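Structure at a glance
What follows is each chain in one-letter form.
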Amino acid sequence: MTRELKALTSMRGLAAWAVVLFHVRLSIAGLPPAAEAVLAKGYLAVDFFFLLSGFVIWLSASEVLRDEGVRAVPRFLQRRVARIWPLHLFMLGCAVLLALVLLATGRAAAQFPWDELPLHLLLLQNWGFTDALSWNDPAWSISCELAAYLMFPLLVVSVDWRRVPSVVVVSAVVGLLVALHLLYRLYGAASLGDAIPRLGVVRCTLEFAAGTGIGALWLRWRAHGRGIALAAALLGLALLMAAALGALPETLAVPAGFAALLLALALSAGRAGNVLEVAPLHYLGEISYATYLGHFLLWFVFKLVLVGPSGMIGWPLLALYLLLVLASSVVLYHLVERPAQRWVNRLALPRPRAAAI
């Protein structure tokens, strides 16, 4: 198993906080329009998550699946389910309690459709069965991640990036991201945030698959990657700037820009003076899943209790909310996420007897 690239863990934390600020931006009184425009793009952090997920899982699990074949699949899926499902279930339970309180006090609870609850329990809510996000909105991406995890063993069977020339790997990554853009265009969606219940799984699986290719390139170039890292960083920033200026469509330029930046960050990880590897940022990355899944319902309750009829909050209340997000992330990580993950991973599973993949 490849050692942890701490800079990428830190980036996961920063991306999670970009999503937090995206969800609260319209309620911040006095927020300058330029700042609001920047925060309005926070939903794109999910695309970095998907690419990073494919990158990390390719490095950590592809060789085991390839070497052990079908016998390794149950254990792989167990570890992935242990990573995402327990905290999701806990937050869904909190949402159920909140919905019951709203019903008991005679308030509207349109955010919590009871007929869709079984889909959320099984993490199937964003597989095209619903028309809108509900319950704990950020969990849509976790539903899509589950689809990517189920796809991953098939990807390992189909492609061994180690045996493919680098130019072909790069072409495959580009092809996957171009295919994503074309599918959005075919659907009539101009933004990656459009039609999430319909396009979320496609968005996730294609970016996840592209991330596996980035992982393969990092393995090849990590020993002599300074020049490549600089070129990838410049390319990534140029693509993101082109998207921001409207010179290239978001659905093409943003995933491609993030893919280039992911490669650049990975190639730069571990080098002296990398600010992304300082302990506080790394810890934010470690608790980022709790931040991501926990902040939305906390914001829902925060607005019910502390926000007035205007729906706007000043800087003191914003600071209080952000501190609560940080504190709740620490608690959820240490008292729910990690203990539940260890418990699920300890469960014994039958291992099928079959020939290697």
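So, here's what we can say about the structure. Residues take numbers from 1 onward in each chain, read along the sequence in its written order. Local features in this predicted model are restricted to residues whose pLDDT is 70 or higher, and side-chain atom pairs enter the listing and the counts only when it is 80 or higher, whereas totals over whole chains, interfaces and linings include all residues. Excluded from the side-chain calculations are hydrogens and water; all other atoms, namely the structure's heavy atoms, are used.

Some details on the nonpolar core
In terms of nonpolar packing, the biggest core is built from 109 residues, with Phe55, Phe112 and Phe152 touching the most fellow members. Element by element, the count of residues in this core is highest for helix H3 (residues 45-68), at 13 residues. Here, two residues are considered to be in contact whenever any of their heavy atoms come within 4.5 Å of each other. Ignoring any residue separated from it by four or fewer positions in sequence, one finds Phe55 in contact with Leu5, Leu8, Gly211, Thr212, Ile214, Gly215, Trp218, Leu262 and Ala266. We call a set of buried residues a nonpolar core when its members are Ala, Val, Leu, Ile, Met, Phe, Trp, Tyr or Cys and they connect through side-chain atoms within 4.5 Å of each other. Relative accessible area decides the class of each residue, using a 1.4 Å probe on protein chains only: under 20% of the type maximum gives buried, over 50% gives exposed, and in between gives partly exposed. Put simply, DSSP H or I for four residues or longer makes a helix, DSSP E for two residues or longer makes a strand, and each gets a number counted from the N terminus.

Digging into the packing of helix H4 (residues 73-104) against helix H13 (residues 315-346)
Axes, fitted as lines to C-alpha atoms, cover a helix only where it is in contact. Angles between the N-to-C directions of the axes lie from 0 to 180 degrees. It is the contact of H4 with H13, at a shortest axis distance of 8 Å, that shows an interaxial angle of 145°. Classified by chirality, the crossing of H13 by H4 is right-handed. Contacts between H4 and H13 pair Arg75, Gln78, Arg79, Ala82, Arg83, Pro86, Leu87, Phe90 and Met91 from the former with Leu332, Val336, Glu337, Ala340, Gln341, Val344 and Asn345 from the latter. A breakdown of the residues in the contact of H4 with H13 according to their chemical character gives 9 nonpolar, 3 polar and 4 charged. Here a crossing is called left-handed whenever its near helix is offset anticlockwise from the far helix by less than a right angle, and right-handed whenever the offset is clockwise. Only Asp, Glu, Lys and Arg are considered charged, only Ala, Val, Leu, Ile, Met, Phe, Trp, Tyr, Cys and Pro nonpolar, and every remaining residue, Gly among them, polar.

Some points on a nonpolar patch on the surface
Among the surface-exposed residues, Val301, Leu304, Val305, Leu306, Leu320 and Leu324 lie close enough to one another that they form a single nonpolar patch of about 470 Å² accessible area. The greatest single-element share of the nonpolar patch, amounting to 4 residues, is contributed by helix H12 (residues 288-306). As for its position among the elements, Leu306 is in helix H12. Within this analysis, patches are made of residues with over 30% relative accessible area and no salt bridge. Like charges are joined at 9 Å or less; nonpolar side chains (Val, Leu, Ile, Met, Phe, Trp, Tyr) at 5 Å or less. Areas reported here follow the Shrake-Rupley algorithm with a probe of radius 1.4 Å; residue values treat only the protein chains shown as occluding. The term salt bridge refers to a pairing of a side-chain nitrogen on Lys or Arg with a carboxyl oxygen on Asp or Glu at a separation within 4 Å.

Digging into the environment of Lys303
With respect to the helices, strands and loops of the structure, Lys303 is situated in helix H12. Residue Lys303 is classed as partly exposed on the basis of its relative accessible area of 35%. With 18 residues separating them in the primary sequence, Lys303 and Tyr321 have C-alpha atoms 9.8 Å apart.

With respect to the side chain of Glu250
By secondary structure assignment, the location of Glu250 is in helix H10 (residues 250-268). Any N or O atom pair separated by 3.5 Å or less is treated as a polar contact, with the protein-specific requirement of one donor-capable and one acceptor-capable atom, and with residues adjacent in sequence counted only for side-chain atom pairs. Within polar-contact distance, the side chain of Glu250 engages the side chain of Lys41 at 3.1 Å.

Some words on H10
For an α-helix the count is 3.6 residues per turn, leaving residues at separations of three or four pointing the same way. Each helix should span, by expectation, one fewer than its residue count multiplied by 1.5 Å. An ideal rise of 1.5 Å per residue puts 27 Å on 19 residues; H10 measures up with 26 Å between its terminal C-alpha atoms. Extensive coverage of H10 is indicated by the burial of 16 of its 19 residues.

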